[in-house]
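The lines below spell out each chain.
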Amino acid sequence: MTMEQAAQMGLESGYRQALTALLYQLADDELCLGHRDSEWLGLAPDIEGDVAFSSIAQDEVGHAVFYLERLHELGEKDPDSLAFFRGAEAWRNAVLLEQPNGDWARTILRHFLYDLFDDVRTEALLHSSYEPLAQGVAKIRREEHYHLLHLKPWLIRLARAGGDAQERMEQAVMEVWAQLGGLFSLGAEEEEMIHHGLIAWGREELYRRWEDRAKPVFAEAGLKWPGPPSVPEQDGRRGRHTDHLTELIRTMSEVAVGDPAARW
Amino acid sequence: MADRREYEVFEVFVRKKKTDAHVHVGSLNAPSPDIALTTARENFLRRENAVNLWVVPRGEIHETPCDEGDWFARELDRKYREVSGYSENGRLWKTYRERALYLEEIVQDLHPPSQGNRPRPRRERT
């Protein structure tokens, strides 16, 4: 679909605005986390896990590309411009995902909890009124299935290992919980998104379904459930971020900024 | 700490298609079979598809002795076990199929002189 076709679809402006906001949230979550994952390249605890985690990083960036392409079809800039040449205030990811990785325990925990959320969120998009989104999400969910398969045993293993691993995991729970609540926000356009049938559930239902899935895993890992997560000061879904996002964008776009006109 | 085994070696077998057998592709270190399976997927199937994976702890594989050459000794002639004779079949088949047979030759084929005493129930009934 080209820009012209998108315009010809005659998307009503309210619909289009809510759809664009939703696509930015999806793209920016995946791109932030994909980039943070990629920072582990060569540093993961074992070589096998290193290769697997890098592969997961590429999957996440690939999913971001899908969402950025849909945005481009709707008249936004091309995917590379959106990824490399967009100020932090225009990003709509949850602030949890822009934070530095921390140690391996925190990396695994954050990724698992996010992927669980993304699984619930994409389930809510399977019957989206925007057909290209519904179709793409069905494919993305098949790839994400493996991510959960990979991350869950890691989480349980670290938490049950006792000693240093368990202490680090418990510390990670506290740190991640401080910003986790921001994931469930759908930003200023939440009502419009639901009204137009773009997404099936709002933040409360997303959270309820996520909690139903996360709690049994915590029990299996022997981790104490900390209760509802805190909502961070900055709502990334409304363009408010920590300085870590500016740093992330600067690092990620370092090469592209070096010669914006270069052809790859 | 030396005897505390956190990681072990798993041998990895990939089945690429449902009609294929599992083929050994290499080995990896993992702390458990489930983690071995997930890392095997990305380490051996990053660019290829498959329908099934096996991981087997190396310690569970039983092998023949490496330094006992007689285990595989094959000293005498065993041509009789080989199937090379079958390679002639194509040529023979072609030779006889391609030649038209006369009626006499067919009769000759049904009543070979050397088998004259053998009972032939079908023919005796007629």
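Residues numbered from 1 in each chain as written. Chains lettered and ligands numbered in written order. Predicted model: local features only at pLDDT ≥ 70, side-chain atom pairs only at ≥ 80, totals over all residues. Heavy atoms only, no water.

Where an unreviewed UniProt entry is consulted, chain B appears under the name Ring-1,2-phenylacetyl-CoA epoxidase subunit PaaB, with the organism given as Melghirimyces thermohalophilus.

The name an unreviewed UniProt entry assigns to chain A is Ring-1,2-phenylacetyl-CoA epoxidase subunit PaaC, from the organism Melghirimyces thermohalophilus.

Residue and element names in this part refer to chain B. Sheet architecture is open: three strands sit in the order 2-1-3, paired in antiparallel fashion. Strands at the two margins of the open sheet, each flanked by one partner only, are strand 2 (23–30) and strand 3 (52–57). For this sheet, the mean angle separating the axes of adjacent strands, direction not counted, is 30°. In the sheet, strand 1 (residues 8–15) pairs with strand 3 via six bridges, with the strands oriented antiparallel. Note on strand 3: the bridge partner recorded for arginine 15 is asparagine 52. The sheet contacts of helix 1 (residues 33–44) involve strand 1, strand 2 and strand 3, and relative to strand 2 the element is tilted by about 120°. (Pairing = 2+ DSSP bridges. Helix = DSSP H or I, 4+ residues; strand = E, 2+ residues; numbered from the N terminus. Axes fitted to C-alpha atoms, helices over the stretch in contact; angles between N-to-C directions. Contact = heavy atoms within 4.5 Å.)

As a further point, take the packing of helix 6 (residues 104–123) of chain A against helix 10 (residues 203–221) of chain A. Residue and element names in this part refer to chain A. Look at helix 6 against helix 10: their axes get within 9 Å of each other, and the N-to-C directions meet at 140°. Taken as axis vectors, helix 6 and helix 10 run oblique relative to one another. Seen from above, helix 6 lies across helix 10 with right-handed handedness. Contacts between helix 6 and helix 10 involve Leu109, Phe112, Leu113, Leu116, Phe117, Asp119, Val120, Arg121 and Glu123 on the former and, on the latter, Leu206, Arg209, Trp210, Arg213, Ala214, Val217 and Phe218. For the contact of helix 6 with helix 10, a count of residues per class yields 11 nonpolar, no polar and five charged. (Parallel < 35°, antiparallel > 145°, perpendicular 65-115°, else oblique. Left-handed = near helix turned anticlockwise from the far one by under 90°. Nonpolar A, V, L, I, M, F, W, Y, C, P; charged D, E, K, R; others polar.)

This brings us to the pattern of salt bridges. For the coordinates displayed, the defined rule picks out 22 salt bridges over all chains. A salt bridge links arginine 238 of chain A to aspartate 235 of chain A, with the shortest nitrogen-to-oxygen separation between them at 3.1 Å. The closest approach of N and O atoms between arginine 41 of chain B and glutamate 42 of chain B, which form a salt bridge, is 2.9 Å. Relative accessible area serves as the criterion here: at 33%, arginine 41 of chain B is assigned to the partly exposed category. Through salt bridges with shared partners, one network takes in Asp29, Asp118, Arg121 and Arg237 of chain A. (Salt bridge = Lys/Arg side-chain N within 4 Å of Asp/Glu carboxyl O. Buried < 20%, exposed > 50% of the residue type's maximum accessible area, 1.4 Å probe, protein only.)

Before going further, it helps to examine the interface of chain A and chain B. Between chain A and chain B, the residue contacts involve 14 residues of the former and 14 residues of the latter. The contact between chain A and chain B buries some 1300 Å² in all, and 55% of this surface belongs to carbon and sulfur atoms. Its largest share of buried area at the contact with chain B, chain A owes to Glu48, Tyr146 and Arg157 of chain A, together 45% of the area lost on that side. Where chain A touches chain B, the interface holds zero salt bridges. Looking at the side of chain A that touches chain B, the elements that each hand over two or more residues are helix 3 (47–73) and helix 7 (131–160) of chain A. For the side of chain A that touches chain B, the leading source of residues is helix 3 of chain A, giving seven residues. Grouping the constituent residues of the side of chain A that touches chain B by class yields seven nonpolar, four polar and three charged. (Buried area = accessible area lost by both parts, 1.4 Å probe.)

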